[in-house]
Structure formats: structure tokens, C-alpha cells
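Each chain, letter by letter, is given below.
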Amino acid sequence: AELERGLELFESIGDRAGAVAASSFLCLARPEDPRVERWLTEALAFANETGDRNRQATTLATLSWKHFIASLHGTAREMAPAEEAAARLCAVSEELGMLDMTVHGRALRAFMMRQTGRFEEARHEADELAQLLSPPRRHNESWLGWAASFTVALATDSPDAAAPYPPGDSVDPVVAMAGVLIVAALALAGRGEEAVGQLEHGTHSFEGAIADLGGVISAMGLVLSGQTEAARERLERARKAAEVFDARGVLRSAEAMLAELDGRAPEMPGTAEEPSIAGALVLRSCLRAGDASAAKPLEEMAVALRAPGLLAGLSS
């Protein structure tokens, strides 16, 4: 409430710096606010005009995470804004020597490229992360970098790699998001029991609307491992959050998995689009509901994404 009042006062007297400061904090406090995109755009424009490189980096980090979460399970085209913001974040952060922010950008890009089947690009980002994190340093950004690299390794060179195990319960959402990436990688690789084990022993401190969006990944791990009813509450929360954030990939995924749980065909059609996790989950739910024509495109998409876990529990 104080930030809202401060923003109103700064805007009324034409204090742009004050307005940007207040709105930037509001972006963190209320990520679901429909004004966030405008606030971040204004903060970035102000940083560019004033030459404030530190503000550029922090704003780009927030923008990268916002677009990343909103485009989860989407196509490469849908993830393009997040990838672009993350690339700009890397460029500014590397110039300023900000290791933590560079890791954020590289990790997000590696994960998005892996999720959309662009494995050579993903491997390049993972190699860059390895350079950044050598020698290993156990700070929270390291867990994010290791988690993103693990997702790439499972899909490329090391399908039997052991998952990096995050520290105990942490108040840092970066550590929580690292756990989310690991669960996604294990579920897609067909290592469902390990994915569920990560859910049971991982951090539980990440809460709120953004966490509900990310919950579509943990729900996917449960669905693909056969623990369907445990996934329902997470999927309902993810669906509601996706509507708030206009996160179309998450919404399609959540609705597809809920349809699978109910034994019905999803309300959205199957896809003939570029590969995406959401598209594959729609096809999977169609197949489970008795649409045999979904079998071949689902198998093709699982191969393109190197995600055999998407076929878990389906009869051959």
C-alpha cells in the first residue's frame, strides 16, 4: 500500500526516478499485477536513457524471469521474448562483471532451448555456464546453473547423469527454481520416481502466484510417474495462475493434464505446430481419451524433444 501511494505521489510531481523505483519494487511485490509489463518497460527505458547499467541488469533480470515463467511449456516462438531478455541480461551483466546475473541469463536460455528441442544451442549455453561456474562456488546462483546444465546433459550426452542435489529448505526462490528445473528434466527423461523424490525432499519455501505457475512442472512429474491425484491441486492452481498471467503454454499444459486425469479429451485441439511440451501434453491427453490418431504425432514430438517421459504409462 505504501508503494502504491509512493508511486502515485511521484507521478503527480513528475519525479520519474522515484516512480521507477516504486514501480520496480511493486513488480516484485505483485508480479501478477497487469501493470508490471508497463512498469518494467518504463524502468528499462529510464535505465537506458540515464546510462544506469546496474538498473539495466536488475530490470532485465526481472523481465527475463517474468517472460520465462509465462512461456513455460511453450514453443520456441512463444519463448522468444524471454530468450531475448535473457540474452540482453547476459550482455549487460558480463560487461559489468555481474556473475550472478550472467548465470541467471545463461541458465534460463539453456533450459528454454532444451525444452524446445534446440540441443546444440542449449549445449553452447551449458558450456558457457560451466566456464562461469569454474571453479565451483556454492552460492545460490550455482544451483541454478548446475540445474540448467543438468537438464541439457540428460537430453544430450549423459542420460544417466545424477541430479545435483540442492541444499536443504531455502528461502531463496533461485534455489527453489533450480529444483523445479531438475524435476522437469527428470520427468521428461522418463525418470519419474526420481522426479517425485525431488519433489518430496526439495525446498518448499517458494510460494505465491509465480510458484503456482511453476507448479505445472511438478504436476507434470507426478502425472508422468503415475501419481495422478497428487497432481490435481497443483494443476488447478497452475491453471488459475496461467489465466492471470496470460501464460498460454502453462494453461494448455494444465488443462491437458486435468483432462487426462478425468479420462476425457482436452477442450483444445491437438497441434501440428513446432515442438513444445504443452503440445505434447495435449496430444497425450487426446490419446488417453481414445483418439488413436494422436499416437504418431505424440511419438514424433517426444523424439524431437528427446523426452521419452512424455510416453510414460502409455500402451505401445
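Let us look at the structure shown here. The model shown is predicted, which means the values in this text are computed figures rather than measured ones.

1. Some points on helix α8 (residues 140-155)
Here is step 1: Compared with the 22 Å implied by 1.5 Å per residue over 16 residues, the 24 Å span of α8 between its first and last C-alpha is a close match.
Here is step 2: Among the 16 residues that make up α8, 13 are buried, leaving the element largely enclosed by the rest of the structure.

2. Some details on the nonpolar core
Here is step 1: Within the largest apolar cluster, 77 residues are counted, with the highest numbers of intra-cluster contacts made by F68, L213, I217, M220, L235, V250 and L310.
Here is step 2: The element that contributes the greatest number of residues to this core is helix α9 (residues 173-188), accounting for 13 residues.
Here is step 3: If near-sequence neighbours (up to four positions away) are discounted, F68 is found in contact with A82, L108, F111, M112, M177 and L181.
Here is step 4: Judged by nonpolar contacts, the second largest core, of 18 residues, contains L7, L26, C27 and L63.

3. Overview of the packing of helix α4 (residues 53-70) against helix α6 (residues 99-115)
Here is step 1: Running from N to C, α4 and α6 cross one another at 20°; their axes reach a closest spacing of 10 Å. Relative to α6, the element α4 is oriented roughly parallel. α6 is crossed by α4, and the crossing has left-handed handedness. For the pair α4 and α6, the contacting residues are A57, A61, S64, W65 and F68 in the first and M101, H104, L108, F111 and M112 in the second.
Here is step 2: When grouped by side-chain class, the residues that make up the contact of α4 with α6 number eight nonpolar, two polar and no charged.

4. Considerations on helix α14 (residues 277-288)
A turn of α-helix holds 3.6 residues, and therefore any two residues three or four places apart point the same way.
Here is step 1: Here α14 is twelve residues long and its end C-alpha atoms lie 16 Å apart, about the 16 Å a rise of 1.5 Å per residue gives.
Here is step 2: Within α14, ten of the twelve residues are buried, leaving the element largely enclosed by the surrounding structure.
Here is step 3: Residues I277, A278, G279, A280, L281, V282, L283, R284, S285 and C286 constitute the buried set of α14.
Here is step 4: The secondary structure elements touched by the buried residues of α14 are α6, α9, α11 (209-224), α13 (248-262) and α15 (295-304).
Here is step 5: Downstream of α14 by a residue or two, G290 has a phi angle that is positive, lying close to 110°.

5. Remarks on the pattern of salt bridges
Here is step 1: Across all of its chains, the model carries 26 salt bridges by this definition.
Here is step 2: D262 is the partner of R232 in a salt bridge, and the nearest nitrogen-oxygen pair spans 3.1 Å. You can see R232 sitting in helix α12 (residues 229-245) and its partner D262 sitting in helix α13, a full 30 residues away along the chain.
Here is step 3: According to the relative accessible area criterion, R232 is partly exposed, its value standing at 24%.
Here is step 4: In this structure, R237 and E233 form a salt bridge, with 3.0 Å as the shortest nitrogen-oxygen distance. In this pair, R237 and E233 are both assigned in helix α12, four residues apart and thus about one turn of the helix distant.
Here is step 5: Overlapping salt bridges bring together E94, R106, R109 and E125 as one network.

What counts, and at which threshold
Residue positions are counted from 1 within each chain, in the order its sequence is given. With pLDDT at 70 or above as the cut-off, local features in this predicted model cover only qualifying residues; side-chain atom pairs require 80 or more to be listed or tallied, and sums for whole chains, interfaces and linings still use all residues. The basis for every side-chain value is the complete set of heavy atoms in the structure, and neither hydrogens nor water enter the calculation. Secondary structure elements are defined from DSSP: runs of H or I of at least 4 residues count as helices, runs of E of at least 2 residues count as strands, and each element is numbered from the N terminus. A helix's residues, less one, multiplied by 1.5 Å, set its expected span. To sort residues, take the accessible area from a 1.4 Å probe on protein chains only and compare it with the maximum for the residue type: under 20% means buried, over 50% means exposed, and anything in between is partly exposed. To define a nonpolar core, start from buried Ala, Val, Leu, Ile, Met, Phe, Trp, Tyr and Cys residues and group those joined through side-chain atoms within 4.5 Å. Throughout, a residue-residue contact means that at least one pair of heavy atoms, one from each residue, lies within 4.5 Å. Axis lines are fitted through C-alpha atoms, for helices just across the contact stretch, and the angle between N-to-C directions can take any value from 0 to 180 degrees. Here is the rule for angles: anything less than 35 degrees is roughly parallel, anything more than 145 is roughly antiparallel, 65 through 115 is roughly perpendicular, and the remaining ranges are oblique. Crossing handedness is read from the near helix: turned anticlockwise from the far helix by less than a right angle, it gives a left-handed crossing, and turned clockwise, a right-handed one. Only Asp, Glu, Lys and Arg are considered charged, only Ala, Val, Leu, Ile, Met, Phe, Trp, Tyr, Cys and Pro nonpolar, and every remaining residue, Gly among them, polar. The term salt bridge refers to a pairing of a side-chain nitrogen on Lys or Arg with a carboxyl oxygen on Asp or Glu at a separation within 4 Å.

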